[in-house]
Amino acid sequence: MQRATTETPPLHLHSPQHLRKMALVSEILTKLTLSYGGEREPKCPTVVPAYDFNPEEDSAKIETAIKTKGVDEQTIIDILTRRSCSQRSEIAFEYEKRSKKDLVSALKGALSGSLEHLILGLMKSTAQYDASELKSSMKGLGTDEESLTEIVCSRNNEELKEIKKVYREMFKKELEKDVSGDTSGDVAKLLLALVQAKRDEPSNVVDYEKIDNDARALYEAGVKRKGTDVTTWISIFSERSVPHLQKVFDRYKRYSPYDIKESIRKEVKGDLEKSFLTLVECLENKHLYFASKLSDAMKSKSVKEKVITRIMVSRCEVDLMKVRAEFKKNFGKSLYQTIFEHTKGDYQRALLNLCGGDD
Ligand SMILES: [Ca+2]
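Residues numbered from 1 in each chain as written. Predicted model: local features only at pLDDT ≥ 70, side-chain atom pairs only at ≥ 80, totals over all residues. Heavy atoms only, no water.

**Q** How should I be thinking about the overall build of the protein in this particular structure?
**A** Check the secondary structure of the protein and you find 20 helices and zero strands. Taken across its 359 residues, the protein has 45% of its residues classed as buried. By sequence separation, contacts in the protein at least 24 residues apart represent 71% of the contacts at least 6 residues apart. Working note: accessible area of the protein is about 19,300 Å², and carbon and sulfur atoms make up 52% of it. (Helix = DSSP H or I, 4+ residues; strand = E, 2+ residues; numbered from the N terminus. Buried < 20%, exposed > 50% of the residue type's maximum accessible area, 1.4 Å probe, protein only. Contact = heavy atoms within 4.5 Å. Areas by Shrake-Rupley, 256 points an atom, 1.4 Å probe, with all protein chains shown as cover.)

See the structure below:
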C-alpha cells in the first residue's frame, strides 16, 4: 500500500488559480510594506508596458516607417510612445540586429525639431534622460537655471542617486562637480546640498518637537533676524523628510507673520529666491508643481515645447497620472485637452499618447 508523502505539496497548490491568488497576495503585501513609513513612492505612470509585445514586429514596422519616403512619423510615434522603456530598448536591439544600424542614429536622421527631441528622450531611461537634461542645462555659456532647478528640486533620494550614477557612466564626471562649477554663491550651496540626496526618508513617527524646533529655526534664521542665515535654511530644506517639512511649513505660521513662501520672497532675491520657491512648491505638492509648469508652458501663444517635452518624457513612466489629476483639479481643463488645443501635428500626437487619456 502506498502512503501519501508529506514532502510534495498537494497538487492544488500548483493550480493556476492558487498561483494567481498567491501573486495577488504578494502584490498586496508589497503595497502594504511600501506604504508603511520609509517607503518608495508608488508609481503612477501613464505609459505602461504593452501587453502583446513583439519587438521583432515593432522593429520591422519602424524600419519600414523610417525608409518610407517623407518618413512615416505616425507609426514611429504610435509604437515608441506606447511601449515601456525596457520594451523600447528591446526594440532597439531587434532593430540593430535586423538593419545593422543603431536605432537612435536612424531616428535622429529621420525626425526633426520637437518631435525628434521627444522621441530621442524616450529612447533613454528616465535616469539617463534626467542626467542628459542636467548636462545640457549646464552646457556652454550660461546655465538653464530653470531645468537645473526643476530636476534637482523635484527628484527624490532614490531618483537622485540613480541620476548621479548614470551621469558618471554617461559623462565620466561627477554631477556634484559640474553643479558647483556651473553655479555660484548660495544657489550653488543649495543645489549641491540637494544633489547630495541627504534627505531623511519619511518615518512613521511624527516628531512634534522637531517640527516645532525646525519651524522656529526657519523663522529665527530669516524673518526674525537682520539678513538671512541661508546655511540653516539650506540644511533644514535639504535634509528633512518631505512629510516632516509639510508639517514644519504649517507650524511656521505660528511664529512668522508671513508664510514660508512670502518669507522667502522677503528674505532672498534673484536665482536663490526662485530656487527656494521651486523647492517649497515641490515639497508641498510635486505633482501640482509639474501640473502648474505644464499649464504655464501652454498659457501664452508661444508654447514652451522644451518644458512640456521635459516633464512629459521624464514623468510618463513615474507619476504623470497624478500630475494629470492635479492639472484637472486646479486648471479647470484636462491636460489632454490643453495639449490638444496648444500643440499640433506629430508632436501633438506624441504628447497625447504620453498623456495617455483625457480626464
Ligand atoms: Ca531677515
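Resuming the write-up.
**Q** Would you take a moment to explain the coordination of the calcium ion for this structure?
**A** In ideal tetrahedral geometry, four donors around a metal make angles of 109.5 degrees, whereas ideal octahedral geometry with six donors gives angles of 90 or 180 degrees. Listed as protein donors to the calcium ion are G222 (O), R225 (O), G227 (O), E267 (OE) and E267 (OE); their distances from the metal cover 2.4 to 2.6 Å. Counting gaps between the donor residues of the calcium ion yields the pattern G-x2-R-x1-G-x39-E. Of this pair, G227 sits in the loop between α12 (208-221) and α13 (230-239) while E267 sits in helix α15 (residues 260-267); the two residues are 40 residues apart in sequence, bridging distant segments of the chain. We classify G227 as partly exposed; its relative accessible area is 42%. (Donors = N, O, S within 2.8 Å, 3.2 Å for Na, K, Ca; no water.)

**Q** What is the right way to look at the side chain of R315 in this model?
**A** Of note, R315 is situated in helix α17 (residues 305-315). Those residues in contact with R315 that lie beyond four places of it in its chain are R155, E159, K286, F290 and L320.

**Q** Just checking my understanding: could you explain the pattern of salt bridges for this structure?
**A** Two side chains that carry opposite charge are able to pair once their charged atoms sit near each other. Under the defined criterion, the tally for this structure stands at 31 salt bridges. A salt bridge links R98 to E63; its shortest N-O distance comes to 3.8 Å. Of this pair, R98 sits in helix α4 (residues 85-99) while E63 sits in helix α2 (residues 55-67), placing them 35 residues apart in sequence. A salt bridge links D200 to K210; its shortest N-O distance comes to 3.8 Å. (Salt bridge = Lys/Arg side-chain N within 4 Å of Asp/Glu carboxyl O.)

**Q** Would you mind showing me how to read the nonpolar core here?
**A** The nonpolar side chains of a soluble globular protein tend to be buried with one another. L107, F237, F276 and M312 are the most contacted members of the largest nonpolar core, which has 92 residues in total. Here this core takes twelve residues from helix α16 (residues 270-297), the largest share from any one element. With sequence-adjacent residues up to four places away left out, F276 is seen in contact with L190, V230, W233, I234, F237, I264 and V268. (Core = buried A, V, L, I, M, F, W, Y, C linked by side-chain atoms within 4.5 Å.)

**Q** Is there a simple way to explain the packing of α12 against α13 in this structure?
**A** In a pair of packed helices, the angle between the axes and the distance between the axes together describe the arrangement. Contact geometry for α12 and α13: axes closest at 9 Å, N-to-C directions at 150 degrees. Comparing the axis directions of α12 and α13 gives the class roughly antiparallel. Relative to α13, α12 is oriented so that their crossing is left-handed. Where α12 abuts α13, its residues D214, A217, L218 and A221 lie against T232, W233, I236 and F237. Residues belonging to the contact of α12 with α13 are distributed by class as follows: six nonpolar, one polar and one charged. (Axes fitted to C-alpha atoms, helices over the stretch in contact; angles between N-to-C directions. Parallel < 35°, antiparallel > 145°, perpendicular 65-115°, else oblique. Left-handed = near helix turned anticlockwise from the far one by under 90°. Nonpolar A, V, L, I, M, F, W, Y, C, P; charged D, E, K, R; others polar.)

**Q** Whenever I open this one, the packing of aromatic side chains confuses me. Can you help?
**A** In this description, an aromatic ring pair is defined by two values, namely the gap between the centres and the angle between the planes. In total, this model carries eight aromatic pairs according to the counting rule given. Between the NZ or CZ atom of K266 and the centre of the ring of Y258, over which it lies, the distance is 4.4 Å. (Phe/Tyr/Trp six-rings, centres within 6.5 Å; stacked < 30°, edge-to-face > 60°. Lys NZ or Arg CZ within 6 Å of the ring centre and 35° of its normal.)

**Q** What exactly am I supposed to notice about the environment of R349 here?
**A** Within the fold, R349 resides in helix α20 (residues 345-355). Among residues more than four places away in sequence, those in contact with R349 are Q74, I77 and D78.

**Q** Looking at this structure, I do not really get the side chain of S275. What am I missing?
**A** Position of S275 among the secondary structure elements: in helix α16. On the basis of relative accessibility, which here comes to 2%, the residue S275 falls in the buried class.

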